[in-house]
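These are the residues of each chain, in order.
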Amino acid sequence: MNSLCLHTGAATVTREQLAATTTPTGTNTWTPIPHHQLLERIVGTLEANHLTITEQSHALAKDGNRYFGLLQVANGNNPLDFGVVIGIRNSHDKTFPAGLAVGAKVFVCDNLSFSAEIVLARKHTVNINRDLPQLISRAMGQLADHRYQQVARFASY
């Protein structure tokens, strides 16, 4: 699996530690979402689409205000051939929007680098909780397309 690049102070955590992170109170224009809630919505969408997570890693930085995660997803055919990775990031300090990065090669770093074949993000504004399910569903739709293209590419090799 691609690994988290942690070199500016982030530390790996368990999902339980992630869930214990405190989310600050929002303002009229800024609505932070709990890190674990973002992760749970993504995991729930994967499960609803019959996708299996085979590996995962999570990290927190800046006193729990920044979250970085990676989920390795089985390809559905032969998991030994290749996999798809989902990168996740979220902030409680207004540094960056909630984001998803999907692809065969995903780079998530605590220096704020965040790249993949597909990258989607949503600012922490008032309607983030309304829009987040659509953002995740759109990423999963693009994930399905990406997996299909990978299968076709590998079959042609």
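For the structure given in this document, a descriptive report is provided here. Please read all numbers here as calculations on a predicted model, not as lab measurements. (Residues numbered from 1 in each chain as written. Predicted model: local features only at pLDDT ≥ 70, side-chain atom pairs only at ≥ 80, totals over all residues. Heavy atoms only, no water.)

1. Some words on the nonpolar core
No. 1: Residues Ile42, Leu46, Leu71, Ile86, Ile88 and Leu143 are the most contacted members of the largest nonpolar core, which totals 28 residues.
No. 2: Broken down by secondary-structure element, the contributors of at least two residues to this core are α2 (35–48), β3 (66–74), β4 (83–91), β5 (98–103), β8 (118–122) and α3 (128–156).
No. 3: With seven residues, the single largest contributor to this core is α3. (Core = buried A, V, L, I, M, F, W, Y, C linked by side-chain atoms within 4.5 Å. Buried < 20%, exposed > 50% of the residue type's maximum accessible area, 1.4 Å probe, protein only. Helix = DSSP H or I, 4+ residues; strand = E, 2+ residues; numbered from the N terminus.)

2. What about α3?
What sets the pattern is the α-helix's 3.6 residues per turn: residues three or four places apart point alike.
No. 1: For α3, spanning 29 residues, the distance from its first C-alpha to its last is 41 Å, which sits close to the expected 42 Å at 1.5 Å a residue.
No. 2: Buried within α3 are the following residues: Ile128, Asp131, Leu132, Leu135, Ile136, Ala139, Met140, Leu143, His146, Arg147 and Gln150. (Expected span 1.5 Å × (residues − 1).)

3. A few points about the pairing of strand β2 (residues 53–61)
No. 1: Where strand β1 (residues 11–13) lies against β2, three bridges are found, and the strand directions are antiparallel. Bridging across to β2, Thr12 finds its partner in Ala59.
No. 2: Bridge count for β2 against β3 is eight bridges, and the pairing is antiparallel. Looking at the pairing, Ile53 lines up with Val73 of β3.
No. 3: Counted between consecutive antiparallel strands, the loop separating β2 from β3 contains four residues, among which Lys62 sits at a positive phi close to 50 degrees. (Pairing = 2+ DSSP bridges.)

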